[in-house]
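Overview (structure and organization)
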2 protein chains.
Amino acid sequence: MSWEALIFQTVLSFLSEDQVMNSSPLIEKLIESLRCLPGVGIKSAQRMTLHLLERDRVSAKVLSDALAQAAEQVGNCDRCRILTEEGTCGICSNPRRDRSLICIVESPADVYAIEHTGSYRGLYFVLMGHLSPIDGIGPAQLGLEALQARVTEEDIDEVIIACNPTVEGDATAYYISEQLRETKAVLSRIAHGVPVGGELEYVDGGTLTHAFAGRRAIEVKEND
Amino acid sequence: MSWEALIFQTVLSFLSEDQVMNSSPLIEKLIESLRCLPGVGIKSAQRMTLHLLERDRVSAKVLSDALAQAAEQVGNCDRCRILTEEGTCGICSNPRRDRSLICIVESPADVYAIEHTGSYRGLYFVLMGHLSPIDGIGPAQLGLEALQARVTEEDIDEVIIACNPTVEGDATAYYISEQLRETKAVLSRIAHGVPVGGELEYVDGGTLTHAFAGRRAIEVKEND
């Protein structure tokens, strides 16, 4: 046998066909189903399945119920479009929130992030995406008509646009500000600049440019 | 105000209390339930929840059913203790498997890994752990009595011990080989050495020592 044929044979032996696992169909189905979760591949799904079945069946049952209930009952708030199982979400129906402020965000995750800071007490409007002609997402899909009606009819003092600082987010913010220009509400956009706790050295140029353009005078308070 | 008081006030403003999220109870419950999965923290659980509810409710329902079914119906094979929803697993009941070979492994994941190679055609025995006095896991918990009965009564030619090459795995392997010494089956342990595709330079000392101790003569085949 020539040396080329030998190498070829050795390489071939590494590429032998994957065999189908001779396991239980229910376990296979659970592994396959877990892969619908973002960030979960075949190995993680297998590890999760074995963990649940070997050590934590109670949690598996609880998770199953939570999934079924949420998938069936959770819808969108009829005012701010955030995910909720009630007609109007807890934020929109909370009488202690400031009803003259609306913050526009792209997704429910943004609302959670803002709520987590505890520094904003107004209402929200969730676009559930951003303008994207390629994906067929236009003003109608983002509910911009409802937003405009709400800002026009209700007593809104300020609309804070908190779209992501990406190309699509910027375009969406620009479009919304054009739409709402005629209303009496003040339009604003959250500040872009150096993240708190960050070091100037490691901040990218675009962010630094924004930070300089958006600089503010330091107000020195009078203290005794 | 002194400069110390100023610094103190600034630091305090960063440590403001986390607010409770004013979200839907069903979503909260789903996020909490997802955290039972290994490797899933609060951020991943939130991302998974929003992904399922915003984009993939069908998968959420499928996953819910798969979890409920598996948690209720999957048990252990009465012969090899692997997870299965039938009394006897597909491997044990497959007439094409070599019934004179038993491979002892610590967990079902090990069986999947071995099956995936497609190079082993015998049966298995899954210990579901290793000897660990601290956790109260002794020979009874590992089903070693059933294993001994099986090796003694059935026509087993070889028992391949494939416990993990850890301290506990080695101790378990040693204990099992002591238990089975009286039977007529040949006892063997899978080889420990340099992983295929690895480079000697990066292999640890213990593995290299094993690799040298377990070296084998190269058999040169006669070719035309």
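Residues numbered from 1 in each chain as written. Chains lettered and ligands numbered in written order. Predicted model: local features only at pLDDT ≥ 70, side-chain atom pairs only at ≥ 80, totals over all residues. Heavy atoms only, no water.

On to the relation of the copies chain B and chain A, then. When chain B is fitted onto chain A, the two copies agree to an RMSD of 0.3 Å after a turn of 180° and an axial shift of 0.1 Å. One copy is carried onto the other by what is essentially a two-fold rotation axis. Looking at the rotation axis and the C-alpha trace of chain B, the residue lying nearest is Ser64 of chain B, at 2.1 Å. Comparing interface residues between copies, 100% of those in chain B also lie at the interface in chain A; the contact surface is shared. (Least-squares fit on C-alpha atoms with pLDDT ≥ 70 in both. Contact = heavy atoms within 4.5 Å.)

This brings us to the domain arrangement of chain A. Entries for chain A in the domain assignment read domain 1 (22-73) and domain 2 (83-213). The C-alpha-based centres of domain 1 of chain A and domain 2 of chain A are spaced at 35 Å. (Domains from an automatic or database assignment.)

Our next topic: the nonpolar core. In terms of nonpolar packing, the biggest core is built from 76 residues, with Leu37 of chain A together with Leu37 of chain B touching the most fellow members. Residues in contact with Leu37 of chain A, not counting those within four places in the same chain, are Leu34, Leu37, Met48, Leu52 and Leu63 of chain B. (Core = buried A, V, L, I, M, F, W, Y, C linked by side-chain atoms within 4.5 Å. Buried < 20%, exposed > 50% of the residue type's maximum accessible area, 1.4 Å probe, protein only.)

Residues and elements named next belong to chain A. As enumerated under the stated definition, the model contains 16 salt bridges over all chains in all. Salt-bridge contacts for Asp155 lead to Lys184; the nearest nitrogen and oxygen are separated by 3.5 Å. In this pair, Asp155 is assigned in the loop between α6 (144-153) and β5 (158-161) and Lys184 in the loop between α7 (167-179) and β6 (186-189), connecting sequence segments 29 residues apart. On the basis of relative accessible area, Asp155 is assigned to the exposed category, the value being 56%. The class for Lys184 is exposed, based on a relative accessible area of 60%. One salt bridge in this structure joins Asp170 and Arg189, with 2.9 Å as the shortest N-O distance. (Salt bridge = Lys/Arg side-chain N within 4 Å of Asp/Glu carboxyl O. Helix = DSSP H or I, 4+ residues; strand = E, 2+ residues; numbered from the N terminus.)

Residues and elements named next belong to chain B. With parallel pairing, four strands are arranged side by side in an open sheet as β4-β3-β5-β6. Each edge of the open sheet is held by one strand with a lone partner, namely β4 (122-126) and β6 (186-189). Averaged over all neighbouring strand pairs, the angle between strand axes comes to 25°, with direction disregarded. Note: strand β3 (residues 98-105) against strand β5 (residues 158-161), four bridges, orientation parallel. Note on β5: the bridge partner recorded for Ile104 is Ile161. Contacting β3, β4 and β5, helix α6 (residues 144-153) runs over the sheet at an angle of about 155° to β4. Contacting β3, β5 and β6, helix α7 (residues 167-179) runs over the sheet at an angle of about 170° to β6. (Pairing = 2+ DSSP bridges. Axes fitted to C-alpha atoms, helices over the stretch in contact; angles between N-to-C directions.)

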